[in-house]
Structures are given as C-alpha cells and as structure tokens.
Amino acid sequence: MSEVKAYGAQASDANLKELNIERRQITADDVQIEIEYCGVCHSDIHQVRNDWKNSKYPVVPGHEIIGRVTQVGKNVSNFKEGDLVGVGCMVDSCQECDSCKEDLEQFCEKGATLTYNSKDKHLGGHTFGGYSEQIVVDKEFVLSIPENIDAKATAPLLCAGITTYSPLRHWNVKKGDKVGVIGLGGLGHMGVKFASALGAHVVMITTSPSKSEDAKKLGADEVLVSKNEEDMKKQAGSFDFLLNTVPVGHDMNPYIALLKRDATMVLVGAIEPLDPVHGGGLIGGRKRIAGSVIGGIKETQEMLDFCGENNIVSDIEMIDIHNINEAFDRVVKSDVKYRFVIDMKSLKNKN
Ligand code: NAP
Ligand code: ZN
C-alpha cells in the first residue's frame, strides 16, 4: 500500500480539506495512474453533502479523472507507462452477470464498484475518488484518451459526457429530431454538443435567460426559458426527445407537455423523489418517462473516440484544489461555465 494526498470531507456539513488515503499496490490486472485533472460533477456535491443518504466518510470525490499511467501489472497489455488515460464513475464490476456481459457494467447485478463511496474489494472500507494524487484501477475500467484533444477539457467526458451520450444513442436521436436539453450545467452543455453533433434540432430549456447566448454558441438552435409559461405553451407537443438534467426533485408536468405523442423524456439528474406526475399528461399522448445512468465501459470508449474524431470537449473553468469549496457553492447556484476541472498539480505542490 502507499499513502497519497487527497482532498475530502469528514462529514456532510464539513468543508473539503487535505487528507491522506491508502492506495493498493498494483496487482497483475491493475493500472496505476498519476492524476493530472479531475472534473467537478454535481454528484460529488450530492455525495459530500449526503443528499442521497448513503455517503461514507471521509468522502474523497472525483469521477472525471485524467492522468498518465505510471505502472502496469503483468496481465496489462493495452496500456503502458506514459499513456494518457481516463477513469470515470466505475472502477470494477463482477464481469460475469448478464449486464456485464452485455457491456452494461453500470447495471452490474452484483453492483458495480463506483470510483468513490463504494465497498473497496481490495483494501476493505470504501473507495476514494479522483481528488487525489494517484489511483489504482483494474485494467478493464481504464479508458484511452485521444491525444489530439485538450486533455484537461476531456475530464468531464468521463461522467457528464457519457451520461448524456448514452441516452441520446440508446433512444436513437438522429438528424432532424427535435431534442430538448433541460438544464445548462455540466451534463446539459455536453447534451447540447452531442445532440447537435448527431444532427438534431436542439432546444436548450433553461431557468436562466442569461445563459441564452452561451447555449447557442454550444450548438443550440433555440433557447426556451422554462419559467415563461407562454413560450412553454407555444412549444407544447413538439419534441421528439427530452434529456432532463435537473439535479433536484421538481415538477415534471410542464416538460411532459412539451413531448410529442409517443415521445420520451429521459431523466439523468434527479436521483431523488420527484413531484407528483399527472397521469393524464402521459396517457393522453402515450408518452414515456425513462431514466439512464452513465454508460458502460465500451460505450464510454466509443464516446471518447467520437469526441476525438469530432473535436468535442467540455467548456471548463480550471481551479486549484484549495478553491474546491467555493466551486461547490457556485455549482449549487448554477454558476459554472460549464464544468470546473481541478488541476491536480495544485495538490502536489501544497505542503
Ligand atoms: P449542474 O452543473 O449543477 O447543472 C444542473 C443544471 O440544472 C443547472 O445549471 C441549472 O441549469 C438546472 N437547474 C438547477 N436547479 C434547477 C431547478 N430547481 N429546476 C430546474 N432546473 C434547475 O449539475 P450536473 O453536474 O450537470 O449534474 C446534474 C445532475 O445529474 C446532478 O443531480 C447529478 O448528480 C446528476 N448526475 C447523474 C448521472 C447519471 O448517470 N444519471 C451522472 C452524473 C450526474 P439552468 O440554469 O440552465 O436552468
Ligand atoms: Zn458525475
């Protein structure tokens, strides 16, 4: 085992501070990675603040990890020292159940090992994420990062990217479809970029009129301010697909009204109770509400390769690790353009 520096919270109401964590020595199947960048996902905040009532402390968040390989085990043939790699929300799964065999490790029937706040099969205790100097990960959960795109701006692809790419592909969003992306934050801005790259007519649905210009620069064809009831009525019954990234429980009825007959709204944001849905809104148009969680490793690599080929990266604001508490507060206030990424050198350089 080796001790490495990290940043984490000791309680739901505590700020994140520097602490030391243990990383295992590599096994034959492992890849050791020196972390260069880590994105700040809203889920990191939910976990630190125990919003989902399952946090284990200390919480060391971070599941949008980019780094360089420093060492590999003897069974590892697809990565070598110096490679630029990524790690997303999962670091292990059973690899045997139907879901794992279908490359859908996120639905592992035994429960995937999440990058942080999951049971650690090797060391006991729980896993620690990417707000740290180094991580050791099973080779099956390490992603190759295209070298032609800006490494720090690829970090958010590991969660925000795959979480939006996967439902757009699963529900077969295609050229000409009218797609609404609800919420312009980390996930939403990637949803706009991917839907636009797939040829859809993209409408950014936002509570923040001030984000309109940015939404268009990101690839939205139109902006719809959800607080404006008149404008919402004008677009009723016109959407082929909605991707809902709102991070908290909310009233979905106004969004359901936007769907065409037989169309689907996919929830990826609110992992908590939602306001009651009026059955008539669904029954009237044979509409569907569905959910989606990240994506499997094979699809995550496909998404990264798609980004390499199409020059897609996230719009980011770089921060040092000692600004993380302020960054959390800004994300909660929807004040980030559009993902914070931590320069992990700032942890190494601190005494
Ligand atoms: P984020 O950067 O905070 O973006 C969320 C956006 O939603 C905000 O910028 C805001 O956009 C809008 N919003 C916020 N509060 C709202 C409210 N009360 N009503 C309507 N809109 C609201 O968060 P994120 O990192 O994109 O993550 C979004 C959610 O997805 C989080 O809950 C996160 O835990 C979850 N998540 C899920 C998965 C998955 O696999 N399913 C993966 C990653 C994250 P506007 O200003 O444009 O309205
Ligand atoms: Zn995330």
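Residues numbered from 1 in each chain as written. Chains lettered and ligands numbered in written order. Predicted model: local features only at pLDDT ≥ 70, side-chain atom pairs only at ≥ 80, totals over all residues. Heavy atoms only, no water.

S.K.: Where do I start with helix α11 (residues 324-332) in this structure?
M.R.: An α-helical turn contains 3.6 residues, so a residue and the one three or four places further along point in the same direction. For α11, the set of buried residues is Ile324, Asn325, Ala327, Phe328 and Val331. End-on view of α11: buried residues confined to an arc of 160°, all on one side of the axis. Buried residues along α11 sit in contact with β1 (2-8), β3 (30-40), α1 (42-48), β16 (316-320) and β17 (339-343). Residue Ser334 follows α11 closely and has a positive phi angle near 55°. (Buried < 20%, exposed > 50% of the residue type's maximum accessible area, 1.4 Å probe, protein only. Helix = DSSP H or I, 4+ residues; strand = E, 2+ residues; numbered from the N terminus. Arc of directions from axis to C-beta. Contact = heavy atoms within 4.5 Å.)

S.K.: Before we go on, may I ask you to explain the UniProt feature "domain: Enoyl reductase (ER)" (unreviewed entry) in the chain in this structure?
M.R.: Using the residue numbers shown here, the UniProt feature "domain: Enoyl reductase (ER)" (unreviewed entry) corresponds to residues 11-294. Its end C-alpha atoms 26 Å apart, residues 11-294 is made of 21% helix and 27% strand. (UniProt positions renumbered as here; feature names shortened; annotations may be inferred.)

S.K.: When you look at the coordination of the zinc ion (ligand 2) in this model, what are you seeing that I'm missing?
M.R.: Between any two of four tetrahedral donors, the ideal angle at the metal is 109.5 degrees; between two of six octahedral donors, it is 90 or 180 degrees. Protein ligation of the zinc ion (ligand 2) involves Cys41 (SG), His63 (NE2) and Cys159 (SG), the donor distances falling in the range 2.0 to 2.2 Å. Each donor residue of the zinc ion (ligand 2) belongs to the same chain, and together they define the spacing C-x21-H-x95-C. Highlighted residues: Cys41 in the loop between β3 and α1 and Cys159 in the loop between α3 (151-154) and α4 (160-170), separated in sequence by 118 residues. Just as Cys41 is buried, Cys159 falls in that class too. (Donors = N, O, S within 2.8 Å, 3.2 Å for Na, K, Ca; no water.)

S.K.: What exactly am I supposed to notice about the domain arrangement of the chain here?
M.R.: By a widespread convention, an interface's size corresponds to the accessible area lost as its parts come together. When the domains of the chain are assigned, the result is domain 1 (2-158 + 315-348) and domain 2 (160-291). Of note, the centres of domain 1 and domain 2, computed from C-alpha atoms alone, are 28 Å apart. Taken over both partners, the interface formed by domain 1 and domain 2 buries close to 1200 Å², and the fraction arising from carbon and sulfur atoms is 54%. Its largest share of buried area at the contact with domain 2, domain 1 owes to Leu157, Asp315 and Tyr338, together 46% of the area lost on that side. At the boundary of domain 1 with domain 2, the tally comes to two salt bridges. Across the salt bridge formed by Asp214 and Lys337, the nearest N and O atoms sit 3.4 Å from each other. Counting across the interface, domain 1 meets domain 2 through 12 residue pairs in polar contact (both at pLDDT 80 or more). Looking at the side of domain 1 that touches domain 2 residue by residue, the class counts come to five nonpolar, three polar and four charged. (Domains from an automatic or database assignment. Buried area = accessible area lost by both parts, 1.4 Å probe. Salt bridge = Lys/Arg side-chain N within 4 Å of Asp/Glu carboxyl O. Polar contact = N/O pair within 3.5 Å; in protein donor to acceptor, adjacent residues only side chain to side chain. Nonpolar A, V, L, I, M, F, W, Y, C, P; charged D, E, K, R; others polar.)

S.K.: Can you help me understand the environment of Val332 in this one?
M.R.: Its location among the elements puts Val332 in helix α11. Sequence separation between Val332 and Ile342 is 10 residues, and the spatial gap between their C-alpha atoms is 17 Å. Ignoring sequence-local partners within four residues, the contact set of Val332 consists of His42, Ile45 and Arg49.

S.K.: Even after reading the chapter, I still don't get unusual backbone geometry, so can you show me in this structure?
M.R.: Peptide bonds are trans in most cases, and residues, glycine excluded, mostly fall at negative phi. In this model, Tyr57 is joined to Pro58 through a cis peptide bond whose omega is 0°. Examined against the element boundaries, Pro58 turns out to sit in the loop between α1 and β4 (65-72). Of note, the amide linkage connecting Lys337 to Tyr338 takes the cis form, showing an omega dihedral of -20°. Within the element layout of this structure, Tyr338 appears in the loop between α11 and β17. Backbone geometry at Asn50 places phi at a positive 55°, although glycine is not the residue there. Mapped onto the elements, Asn50 comes out in the loop between α1 and β4. Phi at Ile294 takes a positive value of approximately 30°, unusual for a residue other than glycine. Take Ile294: it is sitting in the loop between β15 (288-291) and α10 (297-310). The exposure class assigned to Ile294 is buried, which follows from its relative accessible area of 11%.

S.K.: I tried to follow the sheet that holds strand β14 (residues 259-267) on my own but got confused; where do I start?
M.R.: Taking strand neighbours across the sheet as the criterion, the six strands line up as β12-β11-β10-β13-β14-β15 in an open arrangement whose pairing is parallel. The two strands at the open ends of the sheet, each matched to only one other strand, are β12 (222-225) and β15. Across the sheet, the mean angle separating the axes of adjacent strands is 20° when strand polarity is ignored. For strand β10 (residues 178-182) and strand β13 (residues 239-244), the ladder comprises four bridges, and the chain directions are parallel. In the sheet register, Ile182 faces β13, and the bridge partner there is Asn244. On the sheet, α4 packs against β10, β13 and β14 and is oriented at approximately 155° with respect to β13. (Pairing = 2+ DSSP bridges. Axes fitted to C-alpha atoms, helices over the stretch in contact; angles between N-to-C directions.)

S.K.: What is the right way to look at the environment of Asp305 in this model?
M.R.: If you trace the backbone, Asp305 turns up in helix α10. Sequence spacing of Asp305 and Lys233 is 72 residues, and the spatial spacing of their C-alpha atoms is 39 Å.

S.K.: Would you mind going over the site of ligand 1 with me for this structure?
M.R.: The environment of ligand 1 is made up of 28 residues, and the closest members are His42, Thr206, Thr207, Ser208 and Arg339. Backbone polar atom of Ile294 to an oxygen atom of ligand 1: 2.7 Å apart, as the coordinates give it. Its free accessible area being 930 Å², ligand 1 has 90% of it covered by the protein chains. Contributing elements (two or more residues each) for the shell around ligand 1: α1 and α5 (186-197). Take the shell around ligand 1: its biggest share by element is three residues, from α1. Across the shell around ligand 1, the residue classes tally to 12 nonpolar, 14 polar and two charged. (Near = heavy atom within 4 Å. Areas by Shrake-Rupley, 256 points an atom, 1.4 Å probe, with all protein chains shown as cover.)

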